[in-house]
Amino acid sequence: YMAFTHLAGINIDGDVGIGTPTPAYKLDVAGTGRFIDNLRVEKSANPTLQLSDSTHSVVSIIGDSGTFNVSNQSVGSVIYAKYDGNVGIGTTSPAAGLQVAKGGTTIPVAGSSTASAVFGNSTSDDNYGVAIGADSGGTGYITSQRTDGIATTYPLAIQPNGGNVGIGTTSPSVKLAVYDSSTPK
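Residues numbered from 1 in each chain as written. Predicted model: local features only at pLDDT ≥ 70, side-chain atom pairs only at ≥ 80, totals over all residues. Heavy atoms only, no water.

Considerations on the confidence of the model for the chain
Per-residue pLDDT for the chain averages 83, and the proportion of residues at 70 or more is 89%. Between the elements of the chain, mean pLDDT differs from a low of 55, seen in strand β1 (residues 8–10), to a high of 93, seen in strand β12 (residues 140–146). (pLDDT = per-residue confidence, 0-100. Helix = DSSP H or I, 4+ residues; strand = E, 2+ residues; numbered from the N terminus.)

Examining the side chain of S144
The residue S144 is located in strand β12 in this model. If we ignore the near neighbours within four places in the chain, the residues touching S144 are G129, V130, T153, Y154, P155 and L156. (Contact = heavy atoms within 4.5 Å.)

Regarding the sheet that holds strand β11 (residues 128–134)
Pairing is antiparallel in the open sheet, where 3 strands are placed in the order β10-β11-β12. Looking at strand neighbours, the two that pair on one side only are β10 (117–119) and β12, the edges of this open sheet. Adjacent strand axes in the sheet meet at a mean angle of 25 degrees, parallel and antiparallel pairs treated alike. (Pairing = 2+ DSSP bridges. Axes fitted to C-alpha atoms, helices over the stretch in contact; angles between N-to-C directions.)

Structural notes on the pattern of salt bridges
Considering all chains together, one arrives at 3 salt bridges under this definition. A salt bridge links R40 to E42, with the nearest nitrogen and oxygen atoms 2.4 Å apart. The class for E42 is exposed, based on a relative accessible area of 58%. One salt bridge in this structure joins K82 and D84, with 3.7 Å as the shortest N-O distance. When its relative accessible area of 42% is taken as the criterion, D84 is described as partly exposed. (Salt bridge = Lys/Arg side-chain N within 4 Å of Asp/Glu carboxyl O. Buried < 20%, exposed > 50% of the residue type's maximum accessible area, 1.4 Å probe, protein only.)

Looking at the pairing of strand β7 (residues 76–81)
Note: strand β6 (residues 67–72) against β7, 5 bridges, orientation antiparallel. The residue of β7 that forms the bridge with S71 is S77. The loop that links β6 with its antiparallel partner β7 comprises 3 residues. Note that β7 and strand β8 (residues 87–89) share 3 bridges and pair antiparallel. Looking at β8, one finds that A81 is bridged to V87. Hairpin connection of β7 to β8: 5 residues between the antiparallel strands, including G85 at a positive phi of 95 degrees.

Overview of the side chain of S116
For S116, the position within the fold is in the loop between β9 (98–100) and β10. By relative accessible area, S116 is classed as buried at 18%. In this structure the side chain of S116 is engaged in a polar contact, spanning 2.8 Å, whose partner is the backbone oxygen of K102. Excluding residues that lie within four positions of it along the chain, S116 makes contacts with V100, K102, G103, I132, G133, A134 and Y141. (Polar contact = N/O pair within 3.5 Å; in protein donor to acceptor, adjacent residues only side chain to side chain.)

With respect to the packing of aromatic side chains
In this structure the tally under the stated criterion is 1 aromatic pair. With a centroid separation of 5.8 Å and an interplanar angle of 55 degrees, the aromatic rings of Y128 and Y154 are classed as tilted. One end of the pair, Y128, is in strand β11; the other, Y154, is in the loop between β12 and β13 (165–167), with 26 residues separating them in the sequence. The class for Y128 is partly exposed, based on a relative accessible area of 27%. Since its relative accessible area comes to 33%, Y154 is described here as partly exposed. (Phe/Tyr/Trp six-rings, centres within 6.5 Å; stacked < 30°, edge-to-face > 60°.)

A word on the environment of G103
Relative to the helices and strands, G103 is located in the loop between β9 and β10. In the structure, G103 is positioned 14 residues away from A117 in sequence and 7.4 Å away in space, judged by C-alpha atoms.

Some words on the sheet that holds β6
Taken in spatial order, the 6 strands of this open sheet run β4-β5-β6-β7-β8-β9, and their pairing is mixed. Both outer strands of the open sheet, β4 (48–51) and β9, are each paired with one neighbouring strand and no more. Neighbour to neighbour, the strand axes of the sheet diverge by 20 degrees on average, direction disregarded. With 3 bridges connecting them, β8 and β9 associate as parallel partners. In the sheet register, G88 faces β9, and the bridge partner there is Q99.

Structural data, given as structure tokens:
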């Protein structure tokens, strides 16, 4: 069943409009659409699916040589998955399974939201969690704190279900083993 009204338009240059009499693209749909099956975008290089509205930045999903890139017009690449399986957040050249290149260049003070990553839970309301990252000199940090401007820290449990913890060793033989130059301290 096909019904045509004045809302459908075909330009002499081959543009087709659905819901618009003046299509500006090869297929221009004004209104809500639905695909019952797959939507496939093919192009010889950088096939792109762009999502936008009249007031917000364009979000693009780009496939390029086996990579998957979700980018935002305002900030660039947001999530980048390489053909080798590595995923980057804030980087287009992830060198590990998951590499996060976001956050500040200093260790955040309690209450700050400038960590590279914050892991919370379903009840944290994005207000607290375990903050993880590294400063610009390469010093790594792990802290349990609020991230909403309230300077509060929380206990950090390491091996809460048992087991030994090693610093400077990969085979701790006691609850906390700290090694310096292979000499226990």
